[in-house]
Amino acid sequence: VALGDGIVEIPRDRIINEPDDFVDNRFLSVGYDLTHEFGEDWMLTHGFRYTNQDYFTVTTLPIGFDEATGEVARFFADREVIFDDFSAQASVVGKFNTGSIQHQLLAGIDYNFNEFDELTNFDTATPTPLNIFDPVYGAVPRSTFAGLAPFPGFDSSTEQIGVFLQDQVTFSDELILVGSLRYDTATERDLSGDTPNQTDQALSPRIGFIYQPVENVSIYASYSQSF
């Protein structure tokens, strides 16, 4: 607890919330990565991943501290968040020559979709103050939030698709040039219907080079934009 420019001197194990507050957090992640080679020069990769998080907490939130009385103002709250995320990517890498110039081509597409659902209950009508120097826990029965409207929650989803193309060009042992373009489109949706959907697109370029005049010296520069 902050006090002036410092902190209150209380035992490190002093609980400012309630001893029976808890957090239940469950996380799941599954996926795969596949690679297939078409001879020595071409390769296809594909990956997918799904993650899920279910987070629930019951807590007593400290809001403010009265230096004169030594009491922390607290209120009962609980919060649940459910998050789902799907990601997939496919790309192909190939090597070929145009005369004496070597190319390493990369092309692909990626996709991401996530959904976020959050709900918070906060009982501002039932304060449960705690003296941090002489705490008495459980003095106020924990709120059931009956008859209280939950805080405005978040129920939203985001969907993004990206397409990219890159060429790494080797002119000689001394000079390599890399150029790429990526196009993205992203849409955010408010599933509660309170705000309109938003969609944005962008084209992102990247270019760079490496020049190696001698074996132990490399000069390089790059420019990129991102979305």
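Relevant structure appears above.
Residues numbered from 1 in each chain as written. Predicted model: local features only at pLDDT ≥ 70, side-chain atom pairs only at ≥ 80, totals over all residues. Heavy atoms only, no water.

### Observations concerning the overall build of the chain
Note the cut-off: The way it works is that DSSP assigns letters per residue, a run of H or I at least four long becomes a helix, a run of E at least two long becomes a strand, and they are numbered from the N terminus. In this description the radius of gyration comes from C-alpha coordinates, and the expected globular size is given by 2.2 Å times residues to the power 0.38. Only protein chains enter the area calculation, which uses a 1.4 Å probe; residues under 20% of their type maximum are buried, those over 50% are exposed, and those in between are partly exposed.
The number of helices and strands found in the chain is zero helices and eleven strands. Going residue by residue from the N terminus, the α and β elements of the chain occur as β-β-β-β-β-β-β-β-β-β-β. Taking 227 residues into account, the globule formula puts the C-alpha radius of gyration at 17 Å, and the chain, at 28 Å, lies well above it. If you line up the chain on its principal axes, its C-alpha atoms span 85 × 45 × 30 Å. Considering the chain as a whole, with its 227 residues, one finds that 23% of them fall into the buried category.

### Observations concerning the pairing of strand β3 (residues 22-38)
Where a strand is regular, its side chains alternate between the two sheet faces. Basically, it comes down to this: Between any two strands, at least two bridges found by DSSP are needed for them to pair.
Taken together, the 17 bridges between β3 and strand β4 (residues 42-66) define a ladder with antiparallel strand orientation. Counterpart to E37 in the pairing with β4 is M43. Once β3 ends, the chain turns through three residues before running back antiparallel as β4, passing G39 with a positive phi of about 75 degrees.

### Focus: the side chain of H103
Stated precisely, the cut-off is as follows: Residue contacts are defined here by distance: any two heavy atoms, one from each residue, within 4.5 Å place the two residues in contact.
Turning to its location among the elements, H103 is positioned in strand β6 (residues 101-127). A relative accessible area of 14% places H103 in the buried class. If we ignore the near neighbours within four places in the chain, the residues touching H103 are G94, K95, F96, N97, T98, D167, Q168 and V169.

### Some remarks on the environment of R74
For clarity, the cut-off: Any pair of N or O atoms that falls within 3.5 Å is considered a polar contact. Within protein, one atom must be able to donate a hydrogen and the other to accept it, and sequence-neighbouring residues count only if both atoms are side-chain atoms.
Checked against the element boundaries, R74 lands in strand β5 (residues 71-98). Beyond its immediate chain neighbours, meaning those up to four positions away, R74 contacts I16, N17, E18, T60, L61, P62, T126, P127, T128, P129 and L130. At 3.2 Å, the side chain of R74 forms a polar contact with the backbone oxygen of I16. Among the polar contacts listed, one links the side chain of R74 to the backbone oxygen of N17, at a separation of 2.6 Å.

### Quick look at a nonpolar patch on the surface
Keep this limit in mind: Only residues whose relative accessible area exceeds 30% and that form no salt bridge are eligible for patches; like-charged ones are grouped when within 9 Å, while nonpolar side chains (Val, Leu, Ile, Met, Phe, Trp, Tyr) are grouped when within 5 Å. What sets the accessible areas is the Shrake-Rupley method with a 1.4 Å probe; for residues, cover comes only from the shown protein chains. Should a side-chain nitrogen of Lys or Arg be within 4 Å of a carboxyl oxygen of Asp or Glu, the pair is scored as a salt bridge.
Together, I109, Y111, I161, V163, L181, Y183 and L203 make up a nonpolar patch on the protein surface, roughly 600 Å² of accessible area in all. Only β6, β8 (151-170) and β9 (175-190) provide two or more residues apiece to the nonpolar patch. Position of L181 among the secondary structure elements: in strand β9. Judged by its relative accessible area of 44%, L181 is partly exposed.

### Section: the packing of aromatic side chains
Here is the rule: Aromatic rings from Phe, Tyr and Trp, taking only the six-membered ring of Trp, are treated as a pair when their centres fall within 6.5 Å; an angle between ring planes under 30 degrees marks them as stacked, one over 60 as edge-to-face, and anything in between as tilted.
Tallying each qualifying case throughout the model produces seven aromatic pairs. Measuring from ring centre to ring centre gives 5.6 Å for F122 and F151, while their planes differ by 85 degrees; the resulting arrangement is edge-to-face. Note that F122 is positioned in strand β6 and F151 in strand β8, a separation of 29 residues in sequence. Given the relative accessible area of 41%, F151 is considered partly exposed.

### Description of the side chain of E18
In this structure, E18 sits in the loop between β2 (6-7) and β3. On the basis of relative accessible area, E18 is assigned to the buried category, the value being 9%. A polar atom in the side chain of E18 sits 2.7 Å from the side chain of R74. With residues up to four places along the chain from it excluded, the contact list for E18 reads T60, R74, Y137, G138 and R142.

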